[in-house]
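A structural walkthrough
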Amino acid sequence: MSTTATPRLSRRLAQGAFLVFCWVATVVALVALAAILWSLLSQGLSGFIDPDSGGLDLDLFTKSTPAPGSEGGLLNAILGSLMMCAVAMVGAVVIGFLAGTWLSEYARDSLYGKVIRFLNDVLLSAPSILVGLFIYEILVFPFKGFSGLAGAAALGLIAAPVITRTTEDVLRLQPKALREASVALGAPVWRTIFAVIWKSARAGMLTGALLAFARISGETAPLLFTALNNQFLSLDLTKPTANLPVVIFNFALSAYDDWRRLAWAGALLIAATVLSVTVIARILAREKTRS
Amino acid sequence: MTLAAETSAAATPRRRSAKGAGFDRAFEILCFTAATFLLTALGGLVVSLAIGGWPAFEAFGLRFFTTATWDPVRDVYGAAGAVTGTLVTSAIALLIALPLALGIAIFLVELCPPVLRRPIGTAVELLAGIPSIVYGMWGLFVFAPWFAKHVQMPIMMSAEPGSFWEKLTTGVPNGAGILTASIILAIMILPFIAATLRELMLTIPAQVRESAYGLGSTTFEVIRKVSLPYIRTGAIGAVMLGLGRALGETMAVTFIIGNAHGFPTSIFASGSTIASTIANEFAEAPPGLHSASLIALGFVLFVITFAVLALARILIGRQANL
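Note that this is a predicted model, so its numbers are computed, not measured. Each chain carries its own residue numbering, running from 1 in the written order of its sequence. Whichever chain is written first becomes A and whichever ligand is written first becomes 1, with later ones labelled in order. In keeping with the predicted nature of the model, local features appear solely for residues at pLDDT of at least 70, side-chain atom pairs appear and are counted solely at 80 or more, and the whole-chain, interface and lining totals rest on all residues.

**Examining the overall build of chain A**
Each helix and strand in chain A was counted, giving 11 helices and zero strands. Radius of gyration here is computed from C-alpha atoms only, and the compact-globule reference equals 2.2 Å multiplied by the residue count raised to the power 0.38. Against the globule reference of 19 Å for 291 residues, chain A gives a C-alpha radius of gyration of 24 Å, more extended than a compact globule. Projected onto its principal axes, the C-alpha coordinates of chain A cover approximately 70 × 65 × 35 Å. Exposed residues have 12 or fewer other C-beta atoms within 10 Å of their own C-beta, buried residues have 20 or more, and partly exposed residues fall in between, where C-beta atoms are placed from the backbone. A total of 291 residues make up chain A; the buried ones form 51% of that total. By the criteria applied, helices consist of DSSP H or I runs no shorter than four residues and strands consist of E runs no shorter than two, each listed in order from the N terminus.

In structure tokens form, the structure reads like this:
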């Protein structure tokens, strides 16, 4: 290497250029974030304002998706999304907590455990549209119909690996002495896990569940051909179910201004939900590590 | 041996009467079943895609991979266009995102004033949290018009007629196309790569870096000659992880790539990726060769992403904790 022969000036120049580049890179990312948030707010908030009176308009939460040109809101889509996410989360939490526990408490070094850990990591970042195709093949096509349940299954399958991973990670952090203390008191292993390990890890496990929820509440691709869409308000998850992401997708690409306005309002709703859940999850995780 | 195995082996003879001990085995089986469920899900995913796509592989054979005709009217399908679109957009996205991500990671670890470290770290995390459909809408309605006016038009005007550069940049200057999709993809994968690189850099022992500083190195030299070589393997893994995300990204790309079948002709031309083709057509595709071809496309996408992600996980190992 020529470091000793290099004049000082070129080293200083390289250092200066490098520092500038790092600053610029960070600024680029921050500008992108600001630009996206600004568009969301400026375009999305118009959905909350009554075009005639200029006052606050809650049609968004009280009316269902309209035909082009008439008034309406996103009530059916919001409800549909909430129901599907709730069902998906129940399934994903049960599977994720148990599978994560198994990986951490029962199979830490076994070959089968390593295989599952690896495949779970792959599933974690597998393209979500493929999960949609899979659910279509096993739940939609055989039963001859799109349904909210199929959508929930697809979302659940996306959330479960996230929860499994975070659960395993946080359980691994629990000190071995905790386990030994409980077992020494005569508690069976399942009670040790239930009442001691899970209890001391609960903030971390909750964080994982929240992050998984944030992830699926914005997912669109797997819902396109599982839950499909529904123009009307319906609480029946065995039928096609309206949901925010697909409504946004359809409305945003439509030619009608009022549909696009609703799409922006919906996008703002989703982004606000996802971002606030993410922030809550981070705060929760941070408080746990501090204490 | 794990603690659970140790204690159950040691406790069986005398502790059988412990309260609720009989549930131990059941609980272990329950946990085992949940873990196995995930394995089955991934297995089922592969098998169902293979079975669903089989009619297309059977009908077109190798031509499915080598031709770019995608014609629902004549019922002839070839994956080459979509596969090329996927690989090209992801590659360009990576090319843009990698230097930026590296810059951000270094900034956060080495240069950032401590007061700003948390807010900026959180901001980058938020960028990762924005749903893909929001990126799509922003890309189509905000970024694409701006890009067409301020970047695309000047470039196309200045391109010499007949030159390679002109060929590379022909297209309709409406902002939508391969390059726009790549840029949006780059913004989306940027925070993931940056976060992984940052985690990796934090694993570098302080002594190693401090000795380099102690010898009089500048930050640039420490990063280039000490930090980067130290995290090389993991860093390649982080890049592959970002690539895996870009390959499978659906909604944002569907919004802004223009959705034209066939080989992309220039960086400003419309194109399609595997994921965008499936998202656009699958819900309306009649059962038969069309939907089978779409599922076959899905299978191809799975194979590509599985290879990339598997490699990424092996390279990163568990050190980055991501």
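**Regarding the overall build of chain B**
Per the secondary structure count, chain B includes 14 helices and two strands. A globule of 322 residues ought to have a C-alpha radius of gyration of about 20 Å, yet chain B, at 25 Å, is considerably larger. Along the three orthogonal principal directions, the C-alpha set of chain B runs to about 85 × 65 × 35 Å. Classification of the 322 residues of chain B by burial places 48% in the buried group.

**With respect to the environment of Thr62(A)**
Residue and element names in this part refer to chain A. Considering the arrangement of structural elements, one finds Thr62 in helix 2 (residues 59-62). The class for Thr62 is exposed, based on 11 C-beta atoms found within 10 Å. Note that contacts rest on C-beta atoms placed from the backbone: two residues are in contact if these are within 7 Å. If we skip the residues at most four places from it in the chain, Thr62 touches Gly73 and Leu75.

**Details of the interface of chain A and chain B**
On the chain B side, the residues contacting the 77 residues of chain A number 74 residues. In terms of residue count, helix 1 (residues 8-44) of chain A provides more of the side of chain A that touches chain B than any other element does, 18 residues in total.

**Structural notes on the nonpolar core**
Generally speaking, nonpolar side chains in soluble globular proteins are found buried as a group. To define a nonpolar core, we join buried Ala, Val, Leu, Ile, Met, Phe, Trp, Tyr and Cys residues through C-beta atoms within 7 Å and take the resulting set. Ala159(A), Ala267(A), Ala101(B), Val134(B), Leu190(B) and Ile193(B) are the most contacted members of the largest nonpolar core, which totals 190 residues. If you count residues domain by domain, this core takes at least three from each of domain 1 (2-46) and domain 2 (62-290) of chain A. The contact partners of Ile193(B), leaving out residues within four places of it in the chain, are Ala97(B), Leu98(B), Ala101(B), Ala238(B), Val239(B) and Gly242(B). An automatic or database domain assignment supplies the start and end points of every domain.

**Thoughts on helix 7 (residues 176-184) of chain A**
Residue and element names in this part refer to chain A. Burial in helix 7 covers these residues: Arg179, Ser182 and Val183. Taken down its axis, helix 7 places every buried residue within 95° of arc, on the same side. Residues of helix 7 that are exposed and angled more than 90 degrees away from the buried face: Ala177 and Ala184. Gly186, located one to two residues past helix 7, shows a positive phi value of around 95°. Read the arc as the range of directions from the helix axis to the C-beta atoms.

**Points about the environment of Leu126(B)**
Relative to the helices and strands, Leu126(B) resides in helix 5 (residues 114-129). Look past the residues within four positions of Leu126(B) in its chain and what remains in contact with it is Leu33(A), Leu275(A) and Thr278(A).

**Focus on the domain arrangement of chain A**
All names here are of chain A. Entries for chain A in the domain assignment read domain 1 (2-46) and domain 2 (62-290). Each of domain 1 and domain 2 has a C-alpha centre, and these two points are 34 Å apart. Taken together, the contact pairs six residues of domain 1 with six residues of domain 2. Gly is put with the polar residues, along with every residue not named as nonpolar or charged; the nonpolar set is Ala, Val, Leu, Ile, Met, Phe, Trp, Tyr, Cys and Pro, and the charged set is Asp, Glu, Lys and Arg. Of the residues that constitute the side of domain 1 that touches domain 2, the class distribution is three nonpolar, three polar and no charged.

**Describing helix 5 of chain B**
Relative to the 22 Å expected for 16 residues at 1.5 Å per residue, helix 5 of chain B spans 23 Å between its end C-alpha atoms, a close match to the ideal helical length. If you check which residues of helix 5 of chain B are buried, you get Val124(B), Leu127(B) and Gly129(B). What a helix should span is 1.5 Å times the count of its residues minus one.

**What about the environment of Pro99(B)?**
Position of Pro99(B) relative to the elements: it lies in helix 4 (residues 80-111). Once the C-alpha coordinates of Pro99(B) and Ala194(B) are considered, the two residues, 95 residues apart in sequence, prove to be 9.6 Å apart.

**Considerations on the packing of helix 9 (residues 206-214) of chain B against helix 10 (residues 219-230) of chain B**
Residues and elements named next belong to chain B. Fitted lines through C-alpha atoms serve as axes, helices being fitted only where they are in contact, and the angles separating the N-to-C directions of these axes extend from 0 to 180 degrees. For the pair helix 9 and helix 10, the least separation of the axes is 10 Å and the interaxial angle reads 160°. It follows that helix 9 is roughly antiparallel to helix 10 by the angle criterion. You can see that helix 9 and helix 10 cross each other, and the crossing is right-handed. Two secondary-structure elements touch here, helix 9 through Val208, Arg209, Ala212 and Tyr213 and helix 10 through Val222, Val226, Ser227 and Tyr230. Split by residue class, the contact of helix 9 with helix 10 holds six nonpolar, one polar and one charged. Relative orientations are named as follows: roughly parallel for angles under 35 degrees, roughly antiparallel for angles over 145 degrees, roughly perpendicular for angles from 65 to 115 degrees, and oblique for any other angle. Take the far helix as the reference: if the near one is turned anticlockwise from it by less than a right angle, the crossing is left-handed, and if turned clockwise, right-handed.

**Quick word on the confidence of the model for chain B**
Residue and element names in this part refer to chain B. Within chain B, residue pLDDT values average 88, and 92% of them lie at 70 or more. Scored between 0 and 100, pLDDT is the confidence that the predictor attaches to each residue. Mean pLDDT across the elements of chain B bottoms out in helix 1 (residues 3-15) (50) and peaks in helix 4 (95). Our summary of model confidence lists the complex with pTM equal to 0.90 and ipTM equal to 0.90.

**Details of the packing of helix 11 (residues 232-248) of chain B against helix 14 (residues 289-316) of chain B**
All names here are of chain B. It is the contact of helix 11 with helix 14, at a shortest axis distance of 7 Å, that shows an interaxial angle of 155°. When the axes of helix 11 and helix 14 are compared, the pair comes out roughly antiparallel. The chirality of how helix 11 crosses helix 14 is left-handed. Across the interface between the two elements, Thr233, Gly234, Ile236, Gly237, Ala238, Met240, Leu241, Leu243, Gly244, Leu247 and Gly248 of helix 11 pack against Leu301, Ile304, Thr305, Val308, Leu309, Leu311, Ala312, Leu315 and Ile316 of helix 14. A per-class count over the contact of helix 11 with helix 14 returns 14 nonpolar, six polar and no charged.

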